[in-house]
Amino acid sequence: DTGVSQDPRHKITKRGQNVTFRCDPISEHNRLYWYRQTLGQGPEFLTYFQNEAQLEKSRLLSDRFSAERPKGSFSTLEIQRTEQGDSAMYLCASSPGRFTGELFFGEGSRLTVL
Amino acid sequence: DQQVKQNSPSLSVQEGRISILNCDYTNSMFDYFLWYKKYPAEGPTFLISISSIKDKNEDGRFTVFLNKSAKHLSLHIVPSQPGDSAVYFCAASGTPGSNYKLTFGKGTLLTVNP
């Protein structure tokens, strides 16, 4: 399968713990995005990479959140000192070259903070 | 403030009939619009898009109409099939190639009954 893959698919953690999600984009895609989706809402933009450069971060991404994309390949999203409000589906997407609006999403990583 | 609004949380239609999903937007800077479809436990997948220079775009059973003066777009599915049952998200962005961020609505759950 050559689609976007995310790991883990589901993470349950206690409040205050740190969690990290990984995203492997489609190999030839140089753009990578993180979105967050909570119950009853559409996906909300978190951050965007072009190759290894993080070009924008949403104000939804507090100081407890950090994303990296070393070498412009896979990406990680780390949440430190998790809070119950962080419970959501974290979606990664990638797209090729010039932005056309068509994003290729992974299946998401669901975070539950107890 | 919701910049992209899907005011119908759900829609139920009979197989073979037309499904019409509606979307309104408030940001005049949006000029590219997309529809994504999402099945349970999967990431959203791109369905169809339209640029603001057009008022209609068609792809097989799917047609998107844009009324820029009313800031309204709709997705028509004809004929509807049970496999079309999914959540449909309307999304908007700035000019392709210059804006990489999508703003999504909350989604409409479409159920097509056999």
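In what follows, the structure referred to is the one given above.
Structure report, in brief. Everything numeric here is computed off the predicted structure, so don't read it as measured data.

Cut-offs used in this document
- Residues numbered from 1 in each chain as written.
- Chains lettered and ligands numbered in written order.
- Predicted model: local features only at pLDDT ≥ 70, side-chain atom pairs only at ≥ 80, totals over all residues.
- Heavy atoms only, no water.
- 1 Å grid on protein atoms, 1.4 Å probe; cavity = no way out; pocket = protein on both sides within 12 Å on 5 of 7 lines; lining within 4 Å.
- Points joined across faces, edges and corners; volume = space filled by probe spheres on them.
- Helix = DSSP H or I, 4+ residues; strand = E, 2+ residues; numbered from the N terminus.
- Nonpolar A, V, L, I, M, F, W, Y, C, P; charged D, E, K, R; others polar.
- Contact = heavy atoms within 4.5 Å.
- Buried area = accessible area lost by both parts, 1.4 Å probe.
- Salt bridge = Lys/Arg side-chain N within 4 Å of Asp/Glu carboxyl O.
- Polar contact = N/O pair within 3.5 Å; in protein donor to acceptor, adjacent residues only side chain to side chain.
- Pairing = 2+ DSSP bridges.

Approximately 540 Å³ is the volume found for the largest pocket. Lining the largest pocket are 17 residues; nearest its centre among them are Glu44, Phe45 and Leu60 of chain A together with Gln3 and Thr103 of chain B. Elements with a minimum of two residues in the lining of the largest pocket: strand S5 (44–50) of chain A together with strand S10 (103–104) of chain B. Across the lining of the largest pocket, the residue classes break down as 6 nonpolar, 6 polar and 5 charged. Of the volumes computed, that of the second largest pocket is approximately 410 Å³. Taken together, 23 residues make up the lining of the second largest pocket; nearest its centre are Gln37, Thr38, Leu39, Gly40 and Arg110 of chain A. Going through the elements one at a time, strand S9 (88–95) and strand S11 (109–113) of chain A together with strand S9 (86–93) and strand S11 (108–113) of chain B are the ones with two or more residues in the lining of the second largest pocket. Here the lining of the second largest pocket is built from residues that sort into 12 nonpolar, 8 polar and 3 charged.

Think of interface size as the accessible area that goes away when the parts come together; that is how it is often given. Taken together, the contacts link 22 residues of chain A with 21 residues of chain B. Counting the surface lost from both chain A and chain B, the interface buries some 1,800 Å², and carbon and sulfur atoms represent 58% of this. Between chain A and chain B we count 1 salt bridge in total. The salt bridge involving glutamate 56 of chain A is made with lysine 101 of chain B; its shortest N-O contact spans 2.8 Å. Between chain A and chain B we count 3 residue pairs in polar contact (both at pLDDT 80 or more) in total. Elements that contribute at least two residues to the side of chain A that touches chain B include exactly strand S4 (31–37) and S5 of chain A.

Residues and elements named next belong to chain B. Where strand S4 (residues 32–38) and strand S5 (residues 45–51) come together, 6 bridges link them in antiparallel fashion. Each bridged residue has a counterpart across the sheet, and for tryptophan 35 the counterpart in S5 is isoleucine 48. Once S4 ends, the chain turns through 6 residues before running back antiparallel as S5, passing alanine 41 with a positive phi of about 65 degrees.

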